[in-house]
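# Inside the fold
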Amino acid sequence: MSESIRLAKRVVDRMACSRREAEIYIEGGWVKVDGEVIEEAGYKVRPEQTVELLPQATLTPAVPITILLHKPAGVTLTDAVATLQLIDPAERIEDDRSGITFLKRHLTGLEMLTPLETEASGMLVFSQDWQIKRKLVEDAGKVEQEYIVEVSGEIVAGGLALLNHGLAWNGKPLPPIKVSRQNETRLRFAMKSPDRGLIAHMCAKVDLEIVSMRRIRIGRVPMANLPIGKWRYLLGYERF
């Protein structure tokens, strides 16, 4: 039986590069073994196996990625394991225009930055990028979020005006909030960093009960046509 060797050594021999350069190529997802991308430098290959370096391979450090996910209603994301189970390569949308190849390292250091209540559906953001983390966590109070809320009940007289300005939360007056009707049973809320339970509280104050709630935008990035349970990479030009 032919003796196997580490993939990194095979790349060094084939490409006449340094061991560290070979590891960077492999960790960056630029090396295929028998047509499959392999990300582990210590992966064992046999002499008869085909090892190729992709034409666009670069030694430039990998760029941190950000993922947008359409969370289904009723799903609780309380730990990293449950969260990452949703980011399955099989659930990535087919027409993801980012051009990014999914790599296992994309799940390393990935943080959920925009939690949603269990009952709510809609857009979640996961990122490795410290700048996006700062924008959506430290500066969350400056980033507007948009929700479509299906309600039942008969709104009190002047209720829409109250939803826009005039209600309190935790004993303090709420700042002006943009609330408008989409139709008889659907409201649009645009607000900054809403606390858990705030929208339900506001609706209850005007005799409405929430049937469903969906977040469709965070900052300048809309969820658009992302199907429930599917995800995609943030495009290079998109900014929150």
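Quick note: structure is the one above.
Residues numbered from 1 in each chain as written. Predicted model: local features only at pLDDT ≥ 70, side-chain atom pairs only at ≥ 80, totals over all residues. Heavy atoms only, no water.

With that settled, the discussion passes to the side chain of arginine 10. In this fold, arginine 10 is placed in helix H1 (residues 7-15). Within the structure, the side chain of arginine 10 is placed 2.6 Å from the backbone oxygen of glutamine 49, a separation counted as a polar contact. Ignoring sequence-local partners within four residues, the contact set of arginine 10 consists of Ile5, Val45, Arg46, Pro47, Gln49 and Val51. (Helix = DSSP H or I, 4+ residues; strand = E, 2+ residues; numbered from the N terminus. Polar contact = N/O pair within 3.5 Å; in protein donor to acceptor, adjacent residues only side chain to side chain. Contact = heavy atoms within 4.5 Å.)

Most of strand E9 (residues 144-152) is tucked away, with eight of its nine residues classed as buried. Alignment of E9 against strand E13 (residues 186-192), held across seven bridges, turns out to be antiparallel. Bridge pairing in E13 places valine 149 opposite leucine 187. Here eight bridges tie E9 to strand E14 (residues 209-218), and the two strands are oriented antiparallel to one another. In the strand pairing of E14, serine 152 is matched with glutamate 209. (Buried < 20%, exposed > 50% of the residue type's maximum accessible area, 1.4 Å probe, protein only. Pairing = 2+ DSSP bridges.)

This part takes up the pattern of salt bridges. Applying the stated criterion across every chain, the model contains 14 salt bridges. Here glutamate 23 and arginine 20 are joined by a salt bridge, their closest N and O atoms 3.2 Å apart. With glutamate 23 and arginine 20 both in helix H2 (residues 19-27) and three residues apart, this pair spans about one turn of that helix. On the basis of relative accessible area, glutamate 23 is assigned to the buried category, the value being 17%. With a relative accessible area of 46%, arginine 20 lands in the partly exposed category. The salt bridge involving lysine 133 is made with glutamate 111; its shortest N-O contact spans 3.0 Å. Of the two residues, lysine 133 sits in helix H4 (residues 130-138) while glutamate 111 sits in strand E7 (residues 111-112), which places them 22 residues apart along the sequence. (Salt bridge = Lys/Arg side-chain N within 4 Å of Asp/Glu carboxyl O.)

Within helix H6 (residues 198-205), the full set of buried residues consists of Leu198, Ile199, Met202 and Cys203. Buried positions in H6, seen along its axis, are confined to an arc of 135° and lie on one side of it. With its phi angle positive at about 65°, aspartate 207 sits one or two positions after the end of H6. (Arc of directions from axis to C-beta.)

So yeah, pure geometry; function would need other evidence.
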